[in-house]
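Structural overview
Spelled out from the first residue to the last, the chains are:
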Amino acid sequence: VIGQVGTTLGKLGVNIATLSLGRRDDRQGAEAVSIIRLDGDVAQSILEPIRAIKGITQAKLLRLGE
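Described in the following lines is the structure provided in the data block. The written sequence of each chain sets the order in which its residues are numbered from 1. Residue-level local features of this predicted model are given only where pLDDT is at least 70; pairs of side-chain atoms are given and counted only at 80 or more, and the full residue set underlies all totals for whole chains, interfaces and linings. Values reported for side chains reflect all heavy atoms of the structure, with hydrogen atoms and water molecules removed beforehand.

The secondary structure listing takes helices from DSSP runs of H or I that are at least 4 residues long and strands from runs of E that are at least 2 residues long, numbered from the N terminus. Helix and strand counts for the protein come out as two helices and two strands. Start at the N end of the protein and walk to the C end: the helices and strands fall as α-β-β-α. Projecting the C-alpha coordinates of the protein onto the three principal axes gives extents of approximately 35 × 25 × 15 Å. Relative accessibility under 20% of the residue-type maximum defines a buried residue, over 50% an exposed one, and the middle range a partly exposed one, all with a 1.4 Å probe and only protein chains included. Relative to its full complement of 66 residues, the protein shows a buried share of 18%. Throughout, a contact is declared for two residues whenever any of their heavy atoms are within 4.5 Å. Taking the contacts inside the protein whose residues are at least 6 apart along the sequence as the reference set, 32% of them involve residues at least 24 apart. Here the protein displays about 5,300 Å² of accessible surface, and carbon together with sulfur accounts for 49% of that area. To be clear on the numbers: accessible area is Shrake-Rupley with a 1.4 Å probe, and residue cover counts the displayed protein chains and nothing else.

Structure representation (structure tokens):
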């Protein structure tokens, strides 16, 4: 899934600044979570192809510092 997200963002011309990975809880196999900080102003429309990736259950675009 990580590779698919990176490839999708790359095809959209969006650069990943940082990527943090973890799990909802500490047991093996628990649901994975990630926070991806992107460079530049990113359109809400990038979420559609990200949400289409098998294994993605939720995707949100947050704008901090506005």
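Attention now goes to the environment of Ala-59. Relative to the elements of secondary structure, Ala-59 occurs in the segment after helix H2 (47-51). C-alpha separation for the pair Ala-59 and Ser-20, spaced 39 residues apart in sequence, amounts to 14 Å. Not counting chain neighbours up to four residues away, the residues in contact with Ala-59 comprise Leu-47, Ile-50 and Arg-51.

Nothing here speaks to function; it is geometry throughout.
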